[in-house]
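One letter stands for each residue in the lines below.
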Amino acid sequence: MWPENKHGIIQRSYALDVGLTDLDLKTAQRDGEIVCLGSGGYVRTERLPEYDVDVELYRLASIAAADRQSLALSHESAAALHGLALLKPDHSVVHFARPGTSGGRQSAKRHIHVGLSDDDVVRVDGFAVSSLAKTAVDVAAKSDFARALAVLDSALRAGVALEELEETAERQRIRGIATVRSVLRYANGLAANPGESWSRAQMINARLPVAVLQRRYVLFDGSNAFPDFDWDGKVLGEFDGLRKYGRDLKPGQSVEDALEREKLREIALRDLVDEIVRWIWDDLENNRMVPRVARALVRAGLMG
């Protein structure tokens, strides 16, 4: 019954045009059938993914807002359309950018930036957005070290060359660009997710020895393993995002199957190295990861 556009968004104005009422929309929202995106847009709840619902809602909210603007999406909004993985992003504001040095403004739900050149605009899903490199640099410039590292790592994973990020940062004249240039020295597309990027940021700030990312190990059964962090083949570090077990299920496989597979993988790896340290998101939140890794490195003779 819901009139959706090609992005799966139900626009209030069109819904009213085809005979629905605001009461219909409010009732469906109250019953959990649809979710409000802002800008007069809604999405059916059943369309939302099992994981990262907030990321998808923000992407759709940015699209719904862009439908009512002639400006290009930028910053976190452009990142959502590009599929960049951010660390603790602010999804309360939709970002746009325009050329020139005037006309910027900010409200509770919209932020219009200035200084976006035509050369830095691309189209994604039919919408004008800042380019991948420009988006990553813009988000990094307004972030702390860990968040900047996460977005730059994500841009590299998405295929942007380090040289392009460096060139983009070099020609920007925006606040925070010095942070971007500094963080680019550490950016690494082998970091698989924001949790691994945050882990690396904490390691860097604590001046732990630099780990190799995703080094290949051949296990006893001939299969390959690629641990998140590797220190001289003696200590391995693994960040458990927990949700990955649900995301990476093969057809017909349960979460329990995936956990068993991971357990067997770890047993095989322990035959090859001295120690494996595992941590979860809560360990990063409460600064427990660095001391645990440091103790393992000391025991392995890799730290004094």
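Conventions we followed
The residue numbering used here restarts from 1 in each chain and proceeds along that chain's sequence as written. Local features in this predicted model are restricted to residues whose pLDDT is 70 or higher, and side-chain atom pairs enter the listing and the counts only when it is 80 or higher, whereas totals over whole chains, interfaces and linings include all residues. Only hydrogens and water are set aside when side-chain values are computed; all heavy atoms of the structure are taken into account. Helix axes use the C-alpha atoms of the stretch in contact, all axes being lines fitted to C-alpha atoms, and the angles between their N-to-C directions lie in the range 0 to 180 degrees. For the purposes of this entry, the term helix denotes a DSSP run of H or I that reaches at least four residues, the term strand denotes a run of E that reaches at least two, and both are numbered from the N terminus. In what follows, roughly perpendicular refers to angles from 65 to 115 degrees, roughly parallel to angles under 35, roughly antiparallel to angles over 145, and oblique to any angle outside these ranges. For any helix crossing, the convention is left-handed if the near helix is rotated counterclockwise from the far helix by under a right angle, and right-handed if that rotation is clockwise. Any two residues whose heavy atoms approach within 4.5 Å are treated as being in contact. We call Asp, Glu, Lys and Arg charged. Ala, Val, Leu, Ile, Met, Phe, Trp, Tyr, Cys and Pro are nonpolar, and the rest, Gly among them, are polar. For two strands to be treated as a pair, DSSP must find at least two bridges joining them. Residues enter a nonpolar core if they are buried and are Ala, Val, Leu, Ile, Met, Phe, Trp, Tyr or Cys, with the set joined through side-chain atoms within 4.5 Å. Note on exposure labels: buried denotes an accessible area under 20% of the residue type's maximum, exposed denotes more than 50%, and partly exposed covers the range between, all computed with a 1.4 Å probe on protein chains only.

Trainee: Give a description of the packing of helix 3 (residues 53-66) against helix 4 (residues 75-82) that names residues and reports values.
Mentor: Axis separation between helix 3 and helix 4 bottoms out at 9 Å; the angle between their running directions is 110°. Between helix 3 and helix 4, the angle is such that the two are roughly perpendicular. Relative to helix 4, the crossing made by helix 3 is left-handed. Contacts between helix 3 and helix 4 involve Tyr 58, Arg 59, Ser 62 and Ile 63 from the former and Glu 76, Ser 77, Ala 80 and Leu 81 from the latter. Residue composition of the contact of helix 3 with helix 4, grouped by class: four nonpolar, two polar and two charged.

Trainee: Would you mind going over the sheet that holds strand 10 (residues 212-213) in detail, with residue names and values included?
Mentor: One open sheet holds the four strands; their spatial order is 10-13-14-15, and the pairing between them is mixed. If you trace the sheet from one side to the other, it starts and ends with strand 10 and strand 15 (275-280), each paired once. Each of strand 10, strand 13 (229-231), strand 14 (235-240) and strand 15 is contacted by helix 9 (residues 194-205), which is oriented at about 35° to strand 13, the strand it contacts most.

Trainee: Please give an account of the nonpolar core that cites residues and values.
Mentor: One finds Leu 152, Leu 165, Val 180 and Trp 279 to be the most contacted residues of the largest nonpolar core, which totals 48 residues. A per-element tally of this core places helix 6 (residues 145-157) first, with eight residues. Each residue touching Val 180, except ones within four places of it in the same chain, is listed here: Val 137, Ala 140, Ala 141, Leu 152 and Ala 169. Listed in part, the 20 residues of the second largest apolar core include Leu 37, Leu 48, Ala 65 and Leu 71.

Trainee: Requested: an account of the pairing of strand 15, with residues and values cited.
Mentor: With five of its six residues buried, strand 15 lies for the most part within the structure. Bridge count between strand 14 and strand 15: six bridges; the pairing is parallel. The residue of strand 15 that forms the bridge with Val 235 is Glu 275.

Trainee: Which residues make up the packing of helix 5 (residues 132-141) against helix 7 (residues 162-170), and what values do they have?
Mentor: Contact geometry of helix 5 with helix 7 gives a least axis separation of 9 Å together with a crossing angle of 60°. One way to sum up the angle between helix 5 and helix 7 is to call them oblique. When you trace helix 5 past helix 7, the crossing you get is right-handed. Where helix 5 approaches helix 7, its residues Ala 133, Lys 134, Ala 136 and Val 137 are matched on the opposing element by Glu 164, Leu 165, Thr 168 and Ala 169. Of the residues in the contact of helix 5 with helix 7, the class split is five nonpolar, one polar and two charged.

Read these as spatial facts, not as claims about activity.
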